[in-house]
Every structure is written in structure tokens, then in C-alpha cells.
Protein chains: 2
Amino acid sequence: MVEATLGKATPLAAEELHKIHAYWRAANYLSVGQIYLLDNPLLREPLKLEHVKPRLLGHWGTTPGLNFIYVHLNRAIKAQDLNMIYIAGPGHGGPGLVANTYLEGTYSEFYPNIAQDVEGMKQLFKQFSFPGGIPSHVAPETPGSIHEGGELGYALVHGYGAVFDNPDLIVACVVGDGEAETGALATSWHSNKFLNPIHDGAVLPILHLNGYKIANPTVLARLSREELESLFVGYGYKPYFVEGSDPETMHQLMAETLDRVIAEIKSIQREARVHHNSHRPQWPMIVLRSPKGWTGPKEVDGKKTEDYWRSHQVPLANMARQPDHVRLLEEWMKSYKPEELFDENGTFVAELAELAPTGDRRMGANPHANGGLLLKDLRMPDFRDYAVEITKAGTTIAEATRVAGRFLRDVMRLNADTRNFRIMGPDETASNRIDAVLEATDRMWNAEILPEDEHISPDGRVMEVLSENMCQGWLEGYLLTGRHGFFSCYEAFIHIIDSMFNQHAKWLKTTRHIPWRRPIASLNYLLTSHVWRQDHNGFSHQDPGFIDHVLNKKAEIVRVYLPPDANTLLSVTDHCLRSRHYVNVIIAGKQPALQYLDMDAAIKHCTKGIGIWEWASNDRGSEPDVVMACAGDVPTLETLAAVDLLRENFPELKVRVVNVVDLMTLQPETEHSHGLSDKDFDSIFTTDKPIIFAFHGYPWLIHRLTYRRTNHKNLHVRGYKEEGTTTTPFDMVVLNDLDRFHLAIDVIERIPKIYYTAAYVKQMLYDKLIDHKHYINKYGEDMPEILNWKWRYYGSDGDQTPLQ
Amino acid sequence: MVEATLGKATPLAAEELHKIHAYWRAANYLSVGQIYLLDNPLLREPLKLEHVKPRLLGHWGTTPGLNFIYVHLNRAIKAQDLNMIYIAGPGHGGPGLVANTYLEGTYSEFYPNIAQDVEGMKQLFKQFSFPGGIPSHVAPETPGSIHEGGELGYALVHGYGAVFDNPDLIVACVVGDGEAETGALATSWHSNKFLNPIHDGAVLPILHLNGYKIANPTVLARLSREELESLFVGYGYKPYFVEGSDPETMHQLMAETLDRVIAEIKSIQREARVHHNSHRPQWPMIVLRSPKGWTGPKEVDGKKTEDYWRSHQVPLANMARQPDHVRLLEEWMKSYKPEELFDENGTFVAELAELAPTGDRRMGANPHANGGLLLKDLRMPDFRDYAVEITKAGTTIAEATRVAGRFLRDVMRLNADTRNFRIMGPDETASNRIDAVLEATDRMWNAEILPEDEHISPDGRVMEVLSENMCQGWLEGYLLTGRHGFFSCYEAFIHIIDSMFNQHAKWLKTTRHIPWRRPIASLNYLLTSHVWRQDHNGFSHQDPGFIDHVLNKKAEIVRVYLPPDANTLLSVTDHCLRSRHYVNVIIAGKQPALQYLDMDAAIKHCTKGIGIWEWASNDRGSEPDVVMACAGDVPTLETLAAVDLLRENFPELKVRVVNVVDLMTLQPETEHSHGLSDKDFDSIFTTDKPIIFAFHGYPWLIHRLTYRRTNHKNLHVRGYKEEGTTTTPFDMVVLNDLDRFHLAIDVIERIPKIYYTAAYVKQMLYDKLIDHKHYINKYGEDMPEILNWKWRYYGSDGDQTPLQ
Ligand SMILES: Cc1ncc(C[n+]2csc(CCOP(=O)(O)OP(=O)(O)O)c2C)c(N)n1
Ligand SMILES: Cc1ncc(C[n+]2csc(CCOP(=O)(O)OP(=O)(O)O)c2C)c(N)n1
Ligand SMILES: [Mg+2]
Ligand SMILES: [Mg+2]
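Here the structure is a predicted model, which means the values were calculated and not measured. (Residues numbered from 1 in each chain as written. Chains lettered and ligands numbered in written order. Predicted model: local features only at pLDDT ≥ 70, side-chain atom pairs only at ≥ 80, totals over all residues. Heavy atoms only, no water.)

Here's the deal with the interface of chain A and chain B
Opposite the 126 residues of chain A that make contact, chain B presents 126 residues. Contact between chain A and chain B buries roughly 10000 Å² in total, counting both sides, with carbon and sulfur atoms accounting for 53%. Of all residues in chain A, R222, L466 and H536 of chain A bury the most surface against chain B, accounting for 8% of the area lost on that side. If you look at where chain A meets chain B, you find 20 salt bridges. With its nearest N and O atoms 2.7 Å apart, the salt bridge here joins K553 of chain A to D543 of chain B. Our count for the chain A to chain B interface comes out at 73 residue pairs in polar contact (both at pLDDT 80 or more). Contributions of two or more residues to the side of chain A that touches chain B are made by α7 (183–188), α8 (225–234), α14 (468–480), α15 (498–511), α16 (546–550), α21 (700–706) and α25 (759–779) of chain A. Considering every element that reaches the side of chain A that touches chain B, the biggest residue donor is α15 of chain A, with seven residues. (Contact = heavy atoms within 4.5 Å. Buried area = accessible area lost by both parts, 1.4 Å probe. Salt bridge = Lys/Arg side-chain N within 4 Å of Asp/Glu carboxyl O. Polar contact = N/O pair within 3.5 Å; in protein donor to acceptor, adjacent residues only side chain to side chain. Helix = DSSP H or I, 4+ residues; strand = E, 2+ residues; numbered from the N terminus.)

Take a look at the structure:
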């Protein structure tokens, strides 16, 4: 269990060493060129201020290290025909990855304008961080990237997600030593307990210990060697140290170490696969301790720059004011000897170019980094087969997520052989009641297993770890490499990955407009144990705001569904699993609840996304007095119960019930492709009747979606207004004025024709609320009339006779 | 550097052992009682179904372990007069903390209704997770709590935050082994590199290795002992293992271990303080490996329950359907022998009660857990002294955050002695340009320091670590224990702590209504490097959505400020630092930008929160044709430049310029105490003129805030619509139609009197946009007319003559 140190071997013969060094110089040259130059790419004329970009943007510090790693990985790939992709945690080292994909030829294949000649190099330089050009990070535009690395912390989880079910793939995963301080990264090391050496590929973590972040040293760089080793051994790795700054020594050491760790990975895999032994091994990793800004200016204006945080961004700046910086830049770039690297035409010299792998083995061309290329449809069972039988709407009880769980179980079964579907959950698969999936597969587990453990094995396809970050990151990596997945989570705690969602949504938005990127499978969330039914927990577990967050992202890639019952949940889930390149958010309850739609009705309702529930309305053939709209399972229940109260007390009142499954239908069609036309909206919601809208989430979201609609002025929304605690389910809606009694009062207050006569009814409704409080404070559960309420009108249109 | 194991010592004499065990039994008895019983608290009559709560809510599994720790901490506190508080990471073990504070007497002091007699015990039991009662977690209602533990992951950061600058305080910090899998927790262990043994107190982490989470084993419980040890040694701790299940042995072991680690903590502190040596020691920690659901039912319905995940929530349920469960419950509770623990009156017997510490030493009464009690005002410099000199609005250039940094520097200086102010930042203090603070103090650093390091020392009060989670968590812990702080962060990445913010906001909301909780200092965010000026980075760094997230929380505790320039930022910062019990979000740029208001005007503007900028308007004495509103520094600039275009081209046009600093003014006064009355709103925004609102964030937020206002129908908002990349600053606004040209066009399109005649101007504006694209694509920077634009009207009202 101690770390590995290597001898003074020299695996690289002089010529190879020379070439590898030259290759690295070329990558460094091109990196500096991208950051600085507008023109004169090969420095064939003396460098002048006008050759330099007016705005110097980008990050040098991390780049030489990333380049160093790249050339050595190339060597290993080529020598051993490896199937490898490269994840750059410090994605701000974008110039390095662009430079390397340019050198290996992939860049010009994707972007023929950036050819391998002088003019191409000039464009390559100019476009970087330049208007109309490319971003400064390892963004979707960069060939070979599945990880932009803009927001730090997700390199390792993406790497692990990518290698699950990809037994031949190795992800070389560079982790910044600053990045390693983030929460997501710090827990990601434990991903090795969820990796099966038989069916999964390998992640080779390379800790890029360059000592600094933006303006501080890093924690890991300032531990004793013993602590650092202990830490990684504790995380389950065997760390190999590659440390130094002398290029020659470092090349030898890196080459030797890489050969060694690749051999170890292969031997672990061979051992596991031949003997069918999936026992967790101690996976190798590399700690690369090298100077930040390696090979860059040692000092600038008398201040230490190489091997210091000052090299993080642009070590030489203020060119216009400090002409000596132009000279320093020229010296620096010339130190890479471009004349030895690029020929007359500006083309990378052939004897160096041949160091790179060829075809799809080039890391910029590996199809795993453009997952849509590899994506296959899921085999899908017919979701109709899982339908809950409904004879009378609003009388049957079922647990929606449990029903969906059976469907997911069979999705799992049908795709067991292709191994391209996984389910993620932060220890909540059972709690969220989709545990039928465990009939089809186990939970993935590759730490110790005890006899009493159930549904846990190294072959499991349900990934459970108490880290929403890891669930999200693994799933992203899995999807980005062309597979499918499903993430079920407590609604409140999905906020933990708000920013990860942001980054994924940005990735989807951008790749949609990059022609060579193929669409990937959608990221599907099932948010349950939701705000209204966190019975065991209370206030800290009550937050329906993820929808608000999601809707800030581009309409073209986000979808939000609130199926009111099990059959609609089935239909929506089926739809989401077949969709591409979206983020789908499904919110549905796990508790026993009334069911409304049979499968046929559910499909129609979900296809439209919004609809009048005729069986619950009594306004057919006339104008409604009020529109009662609802979205979400609990609000739907309360709306129907309010309608019941209204119909019982005001038989003459014409009530229209509208249910919204697809929240995007509310938006104008100009804003979202699912948006209803104004004509359709007006005909459903009228242009002048009061609308009482019972919403699952924060009420103002409905206003935000509908403020341009004709009848917005008559829209009155009830929803969660941040009132909660550990109490009864009905009390939760009462606390937020979303209960049947408040909804009925809301109607009464908005309909002049009953306003005065209804005083008695209104008083009765207030009395009910008082009864409710007394009852629950005494008995601790909801009143029987609440608990046992069922829907009871099935007469022909306008018939007010309740069923007995 | 290896772990510590202890001998077979027996520090507890027989009687003490007996008493400690009895105390633990009492806590366990009361915990089970809270989860299950409505009545018959002392089981003096045979237990019947009607004594049992109809809804069984709560979490047993973690509770006996939490209780075990509590009684042993009590012993240590009492024996050594320790100043200690208790943080329960698995806060779902609420019954345990309630039980213990009840036993020690604090509970009844805070809640006299819950007396130490039979009736009190009955109420204690009933209220738990009961309507009108208390939440199931270690919520704000629980004496001694600064950490609800509902959302897992923040125990350690809260603990460290609490002990900073509290040299005498020890936080006993229980970390769930499941919780330890979260990202936040996994990185929090490194907090020890930010702790100074001289000035700070100590955190004693107790890893609660009970093996399971909700329905899974935990990763840490299934590592080899060697790996586990290595991990914690790697994190910088010296782990002591307390392992087993036999109570007697475990009591001895725990007592011995606690004595040992407390002695070690004291000796570390003595060593550091006497020799003034703040070198980072290897701090002790405890790994408590004990069964989940310890002392609970071994099996339920033939299934393993004790020492298994099945004991996580309520091991015995379905009482009504399974009457044998009532009997099992009775047996279980009687196994604690309540008759030995509580006297005739139901009062805890005196000889056990005296085991607890007394007065403020009781962990439920320690004032550090009710930080408002200890809170002292900051000494504040006069922010006016830092003002940027403004002679003509819109002509001077300054960097707002740099100016604020000088003010913060002096806040830091003035409070250096009292040591009650810290600044947090994820490696961005310099990048965000508030680094003047480093003239007053260093960055806190207690790992290795090299000669070339600058502004880094173990005495620093600026906390920089590349983890937004740690920054947030430390700050929360620091504030909750009665101190002040300031957190500066890139705007986009603050989303990483969305859910932590949620929990803190919920804490503030709840404590506002708990009479014995005193208000604490506000949590102040400075979000900079914002969406419009992420010049080096691009799309992944562009997200202004934190405001949307914040505004979902209760109006009474959230405030959002968008100061348009340096002097307004100074005024707002001063205000926030003096405020109490809010979350204040300040959004301000760090780039050189035009300045508008002199200090006097800035103070007035910020005090109102919104105002007409008369110097920029020309409608005085008449009705405006259009209201140009803006919020945020960049939108303000674009608005003024648009006004310039309009005034130049349409001298007859009456334009009113409104700037919003305090976003909450836009909301109705019924929704937020800062909200303008409708009268005021209407007089500023008119009831019928077009309003063009240039907003810093997502545009629909403004609609959400204003949809009830009279003139909402004429409101047209421009903001960030998720278009971005690495480009020029002006191009960013162009991409989102927020630029001066689009704004001017927006106006033209909405004012009939110029609509037709303006066709030429409109075309000119479109041409400008084309010029812009060509220019930046060629030169990489914005057109000189953009870069050099300044405000130029200072005539008397209505005077259209630009200044030369
Ligand atoms: C989550 C997050 N917080 C803050 C930043 C701002 N930031 C960009 S680079 C950087 C330092 C990165 O240091 P390291 O990971 O060591 O990378 P390297 O030294 O290789 O550049 C920081 C803090 C970020 N990109 N992501
Ligand atoms: C961030 C977060 N994710 C999920 C949950 C749901 N949850 C509640 S308790 C629990 C298991 C906790 O396990 P552990 O920390 O080991 O506590 P213990 O075993 O002592 O109960 C989970 C996953 C949560 N509370 N917080
Ligand atoms: Mg680094
Ligand atoms: Mg546990």
C-alpha cells in the first residue's frame, strides 16, 4: 500500500526523447501563439506590437503541463494502440488542447479553415478567445472534449462516467491541484468503489500538482509527501510521483511511469477479466509535480513568474505600455525554436507529426468524445403495459413512482445486454420507491460486501452514493459518451447540482449548433419526495425551486413535466427516455395518491401537455364562471377537492378544470416550442374569467410564464410560499394557502354573482380550516374527510348529482 | 503518523460506568418515546395502540450513537470545565439532541411547557414531528443547535467556522459516514489547514461509522482499516478508533479515548500558545464504529434491523396492522428500564441528572450556539472617506470593487483586535480586485509556506480555498456563532452553494420567529466577475441566476443590491455590514467603468433604493415619452449611452432615466418591506408610457417582480438571455440585445410619434451593429466610440446641448 517510486531508467532513446521534447515545444509554441498573436505566426519577421492581440485573454500557467501530458499519452497510445480520451480538469488550459488537436491533425479536419500551413496557423492564433472565434476553455468546440473545465471540480466524475460500460476505454484525467480542493472533486476519488474492472474501463487520474491556483498556493502542494501519499492511498489509489522541472529527466520519468501505470491497468483488467474477479484493485494514478507556467518567463518585471501563480493567466501583459514585453514574448516564443518544428509552409514537420496516433486513436478524434456518434436507441418496453387500471377517475389509489419503477425495471432488463442504461440516486432509490429496478439489477458496489447485504454487487447498474454531485457527474460523463440514464433525487436537494446542471445545459446549447457534434441522450431527472410530501423531514427538505433554475436556461434544451398521476408519469417517462439532447425534469410524488386518467386519456393528455379535464368540469356548452387550473399531483388533488366543494355548494356555478403536465405549454410559442398559441391559450383559459391556478412550485413562476397572455390579469396563483415544517400532508398545503378550502374561497371572492350569497359557505370553509388545525394538533393526522376524499361526479355534462 | 490505538484501560469506575450507561439509556428511552408515543410516557400502564402516534415519523438509526457521544461529552465537559458545543451532522437524529437537552435541563428552560415531569414528558413525546410541535431534525428550535443537519454535508465546515477566533471553544462534530460521501464534507476535512491553534479553537471530528445510510452501506465503512486510516492521516488527522457494540467496553473505550483526545487538543493548544508556534499539528479525531440502531430491535418481522440500514427511520411500523409491533415497542422501551431513570413525578433521577454539566456549560445552553447573544457591532470606518471624486457624472473611470476593497481593508483593520470579521473567497480575492484587504491582513494559511509566498500566514483573516462550499460553510458557522463576514465570489459559481444558501435562509426565517434566538449578522455576498465581464472565460462563467434563486426565499430575510458604480457600492456595502439577520446579495463589477454619482447623491440614491436620475433625464416639467430603467452597472452604462443616442437624434423626445439599486423596491409593498407603494411606483414609471428596462440578470425576473404594477403591460425588459462566449465586453451586451443600439431601437419602436420618421435613425443603429461585428472580428476589441463613450449632457432641464 505504499506509493511507487521509479528508478533511474531511461525508456526513451535519445532520438525519441529529442522528438518528444520537440513535439512538446511545438504544442507550447502554438499555445503561446494563441494567447498572444494576431499575425506573424512563425515569427519570421521581428515581432511588433501590431502582431500582438490588443486584449490578452487566456491561461498560460496550466498549459505546458497539459501539453506535456498530451505528448506522453500520444506516445503510449501509439505504442500500445490504446483507446483513450483526455479530460482536462483545468479546462482553462484550452490553448493546449487546441494546439495538440491541431498538431495531430484532427483540428483541421473539423475546421478546414484552420489548415496546417502558415495561414491556418495565423487563423488558429487569431481565433482563440477572439470575437467570432473560439472560447478560451476546452469547450464543446474543442475536438476530443467532453469536459469544458470552466467550472472546476468535475473532471474525475466525468471520467468515471465515461468509462462505465466501456471496458476498453481509458480516460486520462487531469485534475488541477486547485480543482482538487472543490467538494465535488474531493469526493470523486471514491468513484473507484463503483467501478468494475471487468465491464468498465479505467480512469487514470493525473494530479497536476503545479503548486498554485489563481493567486494562492494549493493545499495539496503544501502537504508533506507522506500526507499526500496517505491521502491517495486512503482514497484507494497507488500514486506514482513524477516530479521535477528538468525537461529531459521529466520526459524519461513520465514515459517510464506511463508505461508502468498502463501496464498495471492492463494487468488489473486482465486479471479481472480472465479470472472473472471484479474485486476492487488499487488503481494507479500519477502525481505530476511540475512548475506552473513551465518553460514560460522566469521573471516578469522582476517578479517570479515561472513556478508561481503569476503565470496563471497571461504572464506578459500591457504590451502597449511596456514595449520590452514584446521583446520578452518574442524571446519566449523563439525559445521553442519554431524553425525546427514547422516547415517552409508552416506545416508541422513530418518526423514529429508521426509521433501522434492516427485515425480514431487520436484523442481529438476518439468517437467516445462525441458520444452522439455512438448513441443507440434504448430498447423500450411498452409503457402502456404498466398502466394502473382506472375505472372512475379520482377513486383509485396508487404510488406513481412505484409504478414508474416497474417500467424502469424493464427498461433496465431490455438493455442489460447492451449495457447502455444506468440509474443514479443519492441513496434514495428505495426511498423514492423506484426500487423495482432492483429486481432487474443490483446497486453497483465494489467495496466490501457482507452476507446480509441485499441487491448490491459489482455488476449493479443502479449507482447509489450519498453525493448528488457524483450522481450528476457520472451521469453526464455517461451521456456525453453516448449512453442513457435516469437520475432520481429528492426535489429539495437537487439544488446541490444547480451549477452542474448549468454547465451541462450550456454544453447542450452550444453543441446543438456545432455541426460535427451529434445529439446525445437527454439528461432525465425524476424529482420526488417533493415539497408537499416530505413527511419525515420538514422545512429543510422543502424546496420546489429547481424548476425556476432550469427555466433560466435556453428553451430549446429544457423541458419540465408535472404528471398528476401514475399513468401520466409512465407516458412522460417513456417520452423522456426516447428524447435527445434535452434536460427533462419530471416531478412526481411517491406517496399513495388518487389516480385520474386511464392510459388512453393519459397519453392524450401528455401529448397535448395541457388540457381541460372534461370529467371534472361542468361548463361544457356554456361559458365557465371560473377556470381552475393545476399543475402537479398535490395541487391537482386540492383543485379537484375544491371543485367538489364548489359544485356541492353552488350547483349553478360553471367550473372548468385545466391540468398542466408540460409546464412549457404556458409560455408563448415564440419563447418555447411547446408553448401554446395565444388562440389556444385564450380558448382554454378564456380572456376574461378568473383563473385560480394551483401550482406545485413557487407561484410567481406561473406569472413569469404567462405574463404576456391575454387573461393574465385574472390569473391568481397559489403555490409554495416557503412555509413548512414537519406536519401532516394536508397541513402543508394549508400552510401555503393551496388547500381545497382556500382555493374554494379564492373562487368565491372572484365571482361577483355569488360573492354576497356565498358568505355562509365562505364561513363554513374557514371553520373547516379551524377544525383541521384542532384535529391535527390532537390526533397528528389529517381529518378523515381529507384522508378519504374521493372524486364523485360522473354524470353527463352539467349533471350535478354526485355518485353514491 | 499512524493511528492511535488504546489499551484495555478502564477509566470509569464501576459506579460511574453504571451511571453513564443509565444516562445513555435515559436518552435512548426519551428518543424512542418521541418517535412513537402520544401517551403513557413512562409505560406505567400496558402499552396500547392508542398510546402510539398514528403517523410514525423520525429517524432512530443514528440516534443511539448521537446519544452515546453526548453523554460522554457531558462527562468530559464536567470533569474539565470545557467550553463545548455539539454539531450533529446526521441532524435527522433530532430526538437524541432533544432528549439530551431535556435531560440536562436546558430544554425546559427554553420551553417551560415541556417540564421535567410526567406531563412534560408526555408533551415532549407528543410534540416531536407532530403538527404544532417541533421538526424532526436538529432544527433551530433545538437548544444548542447551530446546524439542522437536514441537508447533509456541512457539519465540519460549520464546526470550523464556529471555532475560528474562539480559542476556548471545542466543537464536537459528529459526521455521518453517509454524510462523509458528500462533496462538501469530503473537502471539509482540509479545513485544518486554515486553523490557527493559537487564535482558534478546536474541532473534534467524530466520524459516526455506523455502517449505513438510508438503504445502503457507506463507502467508508467498507474500506479496509488501512485505507480508512490512511485517508484520515492524509487529511491531516490522527484517528482514534472506538469500535464495538458491547456497551460496557464501549463506555470504557469512549471515555478513555475522549480523555486522551481532549488532552491532546489541550497540549497542542498549550504548545502553540506558550511557544507562539502556530505550526499545523496533527489534530486528533475519533472514529466511532458502532451499530446503526444500537440497542434497538435486533430483528423485525424476521429481518435484521439493529446494525443494519433497516433501523434508519422507524424500525417498527404499521402498528395498527401488526399488533405484535406494539408489544415489541413496549419491550424495546422497557429494556431501558425507565423505572430506574425517572422518579415518581417523571423527573430524571437526581444522581443521574448531576452527570450533566451545569449552566452555560451545558451544550444546550452554550451561548456560542445562539450567536446573536454574543454578537457585537463592527467598528466601521466612514465609507464616505473612500468616495471616488465625481465632478461630472459619467466621465470618471474607476473599478468599483477595488474601491470597496479599500473600505473593507479598513473594516478589517478596525476590527483586528476584536477578531470578529473575516472575508471568504474561493481563490478570487485578488481576481475580484478587493485585494486591498491584504494590506490589512494576510490570507489564512496553515500548510507549508515558501519564501516566495506573499500575504499568506497563519494569522490571516482572509480565507481562500478553492471551494465555494467551504467558503460558505465556514462563513455560516462564523456568523451563527456571533461574528461578521463577507464572501466575494464569481457570480456564476455562487450557484455551487445554492442549496447551502437555501438552508441558511431557512434557518434565518425560522429563527426570526423563535423568541430566544437572537438575530445574527447578515450573510453578505459580493458577486463580481459577473456575467457581462467574464472576459477571460466565456459562457461557462456567465450566469446571473443567483438572484432568481435568492428571491424564492422569504422576503423578510433577503435583499439584493445592484449598485451601478463605486460610490453606490460603498454605501451599499456599509449598509449590509451593519445589517442583521439578512442575506444580502451585492452585484457589482470589477472592471474599469464610468462613475455616476458623487457620495452625497450615492447615499440618497441607495437609501431610496430607486430613483430618477435627473441629470440624465430631460423630462422634468413635462410627461416623459419613455422611461429608461436600468439595474446593474453594465445595463446602466448601456442605458445612458442609448439615451445619448436618442437625445442626439430626437432632441424633442422626453426621456426619463430611472436607476434601481435595491431590486426589492420593484416588488409590491405587500410582498417585501422595501417595495414601493403603488403610488410611488406609478409616479416613477408612469401608468401608460413605455418602459424599457435594461437589467443585469434574466429579464423575466423583472416581470416577476412587477407583474402587479399598473404599467406592467408597457414594460419591456432586456437582460441576459443565455447568449455568451469569450468575446468583447460590448459584444456580450449585443449578443443579448442589451446594448445601446438595441435599447434605442426598442424605444423607437414603442413611441408612435417618432415611429415612422425614425426609420433613418433605426437603420443607422442597425448599421452600427454591423460595424461593431466587423470591427471586433477584425481587431478583437470594441470600437473606439464604444470604448471611449462618456456622458455629455449637463445642461439645465431639457437642455439638449451636449457638453464639449
Ligand atoms: C468552481 C470554480 N471556482 C472558481 C473558479 C475560478 N478559477 C479559475 S482557474 C482557478 C484556479 C485553478 O487552479 P488549478 O486547478 O490548480 O489549475 P492550474 O493551476 O492548473 O491552472 C480558479 C479558482 C472556477 N473556474 N471554478
Ligand atoms: C444532501 C443530502 N442528500 C440526501 C439526503 C437524504 N438522506 C437523509 S439521511 C440519509 C443517510 C444518512 O446516512 P449517514 O450520514 O450515515 O447517517 P446515519 O447513518 O447516522 O443516519 C440520506 C441519504 C440528505 N439528507 N441530504
Ligand atoms: Mg494548480
Ligand atoms: Mg451512517
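Quick notes on the coordination of the magnesium ion (ligand 4)
All names here are of chain B. Ligation of the magnesium ion (ligand 4) by protein atoms is provided by D177 (OD), N210 (OD1) and Y212 (O), these donors lying 2.0 to 2.2 Å from the ion. Counting residues between consecutive donors of the magnesium ion (ligand 4) along the chain gives the motif D-x32-N-x1-Y. Relative accessible area serves as the criterion here: at 4%, N210 is assigned to the buried category. Note on Y212: relative accessible area 4%, which makes it buried. (Donors = N, O, S within 2.8 Å, 3.2 Å for Na, K, Ca; no water. Buried < 20%, exposed > 50% of the residue type's maximum accessible area, 1.4 Å probe, protein only.)

Brief notes about the coordination of the magnesium ion (ligand 3)
Residues and elements named next belong to chain A. Protein coordination of the magnesium ion (ligand 3) is provided by D177 (OD), N210 (OD1) and Y212 (O), with donor distances spanning 2.0 to 2.2 Å. Between the donor residues of the magnesium ion (ligand 3), the gaps in sequence give the motif D-x32-N-x1-Y. Pair noted here: D177 is in the loop between β2 (169–176) and α7 and N210 is in the loop between β3 (202–209) and α8, with a separation of 33 residues, a long-range link. A relative accessible area of 2% means that D177 is categorised as buried.

What about the site of ligand 1?
Around ligand 1 lies a shell of 26 residues, among which T62, H92, D177 and K292 of chain A together with E468 of chain B are the nearest. In this structure, ligand 1 is bordered by residues of chains A and B. Within the backbone of L152 of chain A, one N or O atom sits 3.1 Å away from a nitrogen atom of ligand 1. Residue E179 of chain A places a main-chain N or O atom 2.8 Å away from an oxygen atom belonging to ligand 1. Computed on the free molecule, ligand 1 has an accessible area of 590 Å², of which 99% lies beneath the protein chains in the complex. Tallied by class, the residues present in the shell around ligand 1 amount to nine nonpolar, nine polar and eight charged. (Near = heavy atom within 4 Å. Areas by Shrake-Rupley, 256 points an atom, 1.4 Å probe, with all protein chains shown as cover. Nonpolar A, V, L, I, M, F, W, Y, C, P; charged D, E, K, R; others polar.)

Describing the relation of the copies chain A and chain B
Of the two same-sequence chains, chain A is brought onto chain B (RMSD 0.0 Å, axial shift 0.0 Å) by a rotation of 180 degrees. What we have between these two chains is a two-fold relation. When C-alpha distances to the rotation axis are compared across chain A, the minimum falls at G183 of chain A, with a value of 2.0 Å. When the interface residues of chain A are mapped onto chain B, 99% of them are again interface residues, pointing to one common binding face. (Least-squares fit on C-alpha atoms with pLDDT ≥ 70 in both.)

Focus: the confidence of the model for chain A
Interpretation of this model should avoid reading the predicted coordinates in detail wherever pLDDT is low. For chain A, per-residue confidence averages 96 on the pLDDT scale, and 98% of positions sit at 70 or higher. For this predicted complex, the interface confidence comes out at an ipTM of 0.97, alongside a pTM of 0.97. (pLDDT = per-residue confidence, 0-100.)

Let's talk about the site of ligand 2
Ligand 2 sits among 26 residues. The nearest are E468 of chain A together with T62, H92, D177 and K292 of chain B. In this structure, ligand 2 is bordered by residues of chains A and B. At 2.8 Å from a nitrogen atom of ligand 2 is found a main-chain nitrogen or oxygen belonging to G150 of chain B. Note that a nitrogen atom of ligand 2 is positioned 3.1 Å from one of the backbone N or O atoms of L152 of chain B. Here ligand 2 loses 99% of its free accessible area of 590 Å² to cover by the protein chains. Looking at the shell around ligand 2, its residues break down into nine nonpolar, nine polar and eight charged.

Description of helix α25 (residues 759–779) of chain B
Side chains that are three or four residues apart share a direction in an α-helix, a result of its 3.6 residues per turn. Residues and elements named next belong to chain B. The first and last C-alpha atoms of α25 sit 30 Å apart over 21 residues, in line with the 30 Å expected at 1.5 Å per residue. For α25, the full list of buried residues reads V761, K762, L765, L769, H772 and I776. Relative to the axis of α25, the buried residues are bounded by an arc of 110 degrees and lie together on one face. Seen from the open side of α25, the exposed residues pointing more than 90 degrees away from its buried face are Y760, Q763, H774 and K778. Of the surrounding elements, those touching the buried residues of α25 are α19 (633–649), α22 (729–735) and α23 (740–750). Looking one or two residues beyond α25, the residue adopting positive phi is G780, at roughly 80 degrees. (Expected span 1.5 Å × (residues − 1). Arc of directions from axis to C-beta.)

Description of the pattern of salt bridges
All names here are of chain A. Within the structure shown, the criterion is met by 119 salt bridges over all chains. When the shortest N-O distance is used, the salt bridge between E671 and R708 registers 3.5 Å. Within this pair, whereas E671 is found in the loop between β20 (655–660) and α20 (678–685), its partner R708 is found in the loop between α21 and β22 (715–718), the two being separated by 37 residues in sequence. Assessed through its relative accessible area of 32%, E671 is described here as partly exposed.

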